[in-house]
Amino acid sequence: MLFNIILVVFNLIPAFPMDGGRVLRAVLALRMNHNRATQLAAKVGQGFALWLGLMGLMFNPFLMFIALFVWIGAASEAAAEEMKSTLLGISAGQAMLTDFNVLSSHDRLDRAIQLTLAGSQKDFPVLDGEAIVGVLTQNDLLRGLHEHGAQASVGSWMQTGLQYADKDEPLDEVLERLQSDKCRLFAVIEAGHLAGIVNMDNVIELISIQKALH
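These lines cover the structure that appears in this document, whether it is placed above or below. (Residues numbered from 1 in each chain as written. Predicted model: local features only at pLDDT ≥ 70, side-chain atom pairs only at ≥ 80, totals over all residues. Heavy atoms only, no water.)

## Points about the nonpolar core
In terms of nonpolar packing, the biggest core is built from 16 residues, with Leu171, Val174, Leu178, Val198 and Val203 touching the most fellow members. Within the residue set of this core, elements represented by two or more residues are α5 (92–95), α9 (171–180), β5 (185–190) and α10 (200–213). Per-element accounting of this core gives the leading share, 4 residues, to α9. When near neighbours in sequence (up to four residues on either side) are disregarded, Leu171 contacts Leu87, Ile90, Ser91, Ala92, Ala95, Val198, Val203 and Leu206. (Core = buried A, V, L, I, M, F, W, Y, C linked by side-chain atoms within 4.5 Å. Buried < 20%, exposed > 50% of the residue type's maximum accessible area, 1.4 Å probe, protein only. Helix = DSSP H or I, 4+ residues; strand = E, 2+ residues; numbered from the N terminus. Contact = heavy atoms within 4.5 Å.)

Have a look at this one:
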């Protein structure tokens, strides 16, 4: 019971990532936008982490581990909220790459080598006619080259579980799916046809541009 009481009191400290920090953010959000409230609550959390770390140096080294957890948690919450705020109102269609190369399932891996060396694209949608049948990632390409050489077919090494995103789908939702999926590339569909591709690289570039603009 004593340890539970200690945990409850600790969790109510008004600093991220504890629940008390979320209450503080809710109060701050009554007077400012959600992102700004999150950043301020995270700074309070990091300030508390510094104080806790100092107490750890003076009295109990175990407090330093707790301080590290609080610091990292506050920074993570702030970064996630800033990213979400930056992407608010942006669709997959606004972030997608429209100038990209595709492969056929009948192509050889040496074709993928040529396209990789000729530009910056690392992952390639694979089409069979106009139908999207998969994606050849850079890891798939390297594994195929190592095991069967440049003359192996793209179809033998592509991933068939390519994810799709609608052109009007909110980009923050696409980003969540990108982060949870093992494939780094989504095909963006408009009227049933491939309109573009979205990967982590161009989402990160878009975030950098949005931050610079605002």
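## Details of the sheet that holds strand β2 (residues 124–128)
Ordered by their spatial adjacency, 3 strands build an open sheet running β1-β2-β3, and the pairing between neighbours is mixed. In the strand order of this sheet, the two ends are held by β1 (103–104) and β3 (131–136), each with one partner. Note: β1 against β2, 2 bridges, orientation parallel. Considered in β2, the bridge of Leu103 is made with Val126. (Pairing = 2+ DSSP bridges.)

## Quick word on the environment of Ala41
Take Ala41: it is sitting in helix α3 (residues 34–58). Residue Ala41 is classed as buried on the basis of its relative accessible area, which comes to 0%. Sequence-distant contacts of Ala41, defined by excluding residues within four places in its chain, comprise Phe16, Gly21, Leu24, Arg25 and Leu28.

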